[in-house]
Amino acid sequence: MANSSTSAKCCSMEKKKLIKEIEKCNFCASNYEEFHDCYRQAARESGKRSRSCIVG
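As the structure is a prediction and not an experimental result, all values here were calculated from the model.

Within this structure, the stated rule accounts for 2 aromatic pairs. Judged by centre distance (6.3 Å) and plane angle (45 degrees), the rings of Tyr32 and Phe35 are tilted. With a gap of 3 residues between them, Tyr32 and Phe35 both fall in helix α2 (residues 32–55), about one helical turn apart. Looking at Tyr32, the relative accessible area reads 61%, which means it is exposed. Seen from their ring centres, Phe35 and Tyr39 are 5.6 Å apart, and the 45 degrees between their planes marks the pair as tilted. Linking Phe35 with Tyr39, this pair stays in helix α2, spanning 4 residues, or about one helical turn.

Locating Lys16 in the fold gives a position in helix α1 (residues 4–28). Expressed as a C-alpha distance, the spacing of Lys16 and Arg40, which sit 24 residues apart in the sequence, is 16 Å.

Counting through the fold element by element, Ala42 comes out in helix α2. A residue is classified by how much of its surface remains accessible, and Ala42, at 7% relative accessible area, is buried. Sequence separation between Ala42 and Lys17 is 25 residues; the distance between their C-alpha atoms is 9.3 Å. Apart from the residues lying within four places of it in its own chain, the contact partners of Ala42 are Leu18 and Glu21.

The rules behind these values
- Residues numbered from 1 in each chain as written.
- Predicted model: local features only at pLDDT ≥ 70, side-chain atom pairs only at ≥ 80, totals over all residues.
- Heavy atoms only, no water.
- Phe/Tyr/Trp six-rings, centres within 6.5 Å; stacked < 30°, edge-to-face > 60°.
- Helix = DSSP H or I, 4+ residues; strand = E, 2+ residues; numbered from the N terminus.
- Buried < 20%, exposed > 50% of the residue type's maximum accessible area, 1.4 Å probe, protein only.
- Contact = heavy atoms within 4.5 Å.

Taken by themselves, the reported measurements are silent on function.
And the structure:
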């Protein structure tokens, strides 16, 4: 397990990345399906990166 301070920093940075990716989805999608697919992909990738922050 990663150091809690390092994990917190990593997760904080990941949250900022996720917010930027979601903003891209909001502006780039031309319909709800595109938005939903973009949002889901961003969330999936963010989840993987977040798990690596916690696991180490």
